[in-house]
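Summary of the model geometry
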Amino acid sequence: MPAYDKADLERRMHGAVESLKGDLSGLRTGRASTSLLDPVTVEVYGAHMPLNQVATVSVPEPRMLSVQVWDKTNVGPVEKAIRSAGLGLNPINDGQTLRLPIPDLTEERRKELAKLAGQYSEKAKIAVRNVRRDGMDALKTDEKKNVISEDERKRHETEVQKLTDATITEIDTTSAAKEKEILNK
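Summarised in this report is the structure supplied together with it. (Residues numbered from 1 in each chain as written. Predicted model: local features only at pLDDT ≥ 70, side-chain atom pairs only at ≥ 80, totals over all residues. Heavy atoms only, no water.)

Side note on the overall build of the protein chain
Along the protein chain, the regular secondary structure elements total four helices and six strands. Counting from the amino terminus, helix and strand elements in the protein chain follow one another as α-β-β-β-β-α-β-β-α-α. Whereas a compact globule of 185 residues would reach a radius of gyration of roughly 16 Å, the protein chain reaches 21 Å, over 25% beyond that. Viewed in the frame of its principal axes, the protein chain has a C-alpha envelope of about 65 × 40 × 20 Å. Relative to its 185 residues, the protein chain shows a buried fraction of 39%. (Helix = DSSP H or I, 4+ residues; strand = E, 2+ residues; numbered from the N terminus. Rg over C-alpha atoms; globule rule 2.2 N^0.38 Å. Buried < 20%, exposed > 50% of the residue type's maximum accessible area, 1.4 Å probe, protein only.)

In structure tokens, the structure reads:
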């Protein structure tokens, strides 16, 4: 059984792009959106959990988010998680509900969001490069075990590199479009 699996590499690289798109969708510009809080994880019950597993997020007004925390004891940790998520939101505690007014985007905040988009993009690129490295290692392993010849290994390495280049280009395009959206709104 060869260690090299092109379909698996493609799936993992595509996963990195999808993860980036999910991260970027959380960078909303000016308007309230429930996906804004998707990257927030809360430390409750001795574990880190996504916000949507401890509370209901809704949009009562175009510039306001409402977070209805299910367990009253988790209100503090949820509020802390939202404040420290780097989203520039200051929750207003209303008992078991947190209200989040969405501030107007200042030029400074737009630049911060664009920078954050760049960080997400870099994280995705690192994931893709790690998948590439795994693929190259698998090819070398296959060659050592005499599963494939040196020529086959080189041909497959070229395929892996092309796949990597195409995926990184897709990441750059996605990220650039998001940064443009953030800076021009």
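Structure's up, so let's keep going.
Looking at the sheet that holds strand β6 (residues 97-101)
With antiparallel pairing, four strands are arranged side by side in an open sheet as β3-β4-β6-β5. Across the chains shown, the open sheet's two edge strands, defined by having one partner strand only, are β3 (55-61) and β5 (92-94). Strand after strand, the sheet turns through a mean of 25° between neighbouring axes, direction not considered. Relative to strand β4 (residues 64-69), β3 runs antiparallel, the two being bridged by five bridges. Looking across to β4, one finds that Ser58 is bridged to Ser66. Of the strands in this sheet, β4, β5 and β6 are in contact with helix α2 (residues 75-83), which crosses β6 at around 15°. (Pairing = 2+ DSSP bridges. Axes fitted to C-alpha atoms, helices over the stretch in contact; angles between N-to-C directions. Contact = heavy atoms within 4.5 Å.)

Focus: the pairing of β6
Direction of pairing for β4 relative to β6: antiparallel, over a ladder of five bridges. Across the sheet, Ser66 pairs through a bridge with Arg99, a residue of β6.

Considering the packing of helix α1 (residues 6-25) against helix α4 (residues 150-184)
The interhelical angle for the contact between α1 and α4, taken along N-to-C directions, is 10°, at an axis separation of 10 Å. Taken together, the axis directions place α1 and α4 in an arrangement best described as roughly parallel. On the side of α1, the interface is formed by Lys6, Leu9, Glu10, Met13, Val17, Leu20, Lys21 and Leu24, while α4 contributes Glu159, Val160, Leu163, Thr164, Thr167, Glu170, Ile171, Thr174, Ser175 and Lys178. Among the residues forming the contact of α1 with α4, the class breakdown is eight nonpolar, four polar and six charged. (Parallel < 35°, antiparallel > 145°, perpendicular 65-115°, else oblique. Nonpolar A, V, L, I, M, F, W, Y, C, P; charged D, E, K, R; others polar.)

Details of unusual backbone geometry
The phi torsion at Tyr45 lies on the positive side, around 50°, for a residue other than glycine. Note that Tyr45 resides in the loop between β1 (41-44) and β2 (47-50). Despite not being glycine, Asn146 has its phi angle at roughly 60°, a positive value. As for its placement among the helices and strands, Asn146 is situated in the loop between α3 (107-144) and α4. Using a relative accessible area of 68% as the deciding quantity, one classes Asn146 as exposed.

Focus on the pattern of salt bridges
By the definition in use, this model includes 17 salt bridges. Between Glu10 and Lys6 there is a salt bridge whose closest N-O contact spans 4.0 Å. Here Lys6 and Glu10 lie together in helix α1, a separation of four residues that amounts to about one turn. Salt bridges here are not isolated pairs; linked through shared partners, they connect Asp8, Arg11, Arg12, Arg133 and Asp134. (Salt bridge = Lys/Arg side-chain N within 4 Å of Asp/Glu carboxyl O.)

A short note on the environment of Pro77
Within the secondary structure, Pro77 sits in helix α2. Taking C-alpha positions, Pro77 is 13 Å from Gln53, a pair spaced 24 residues apart along the chain. For Pro77, the residues in contact, after removing those within four places along its chain, are Val42, Glu43 and Val44.

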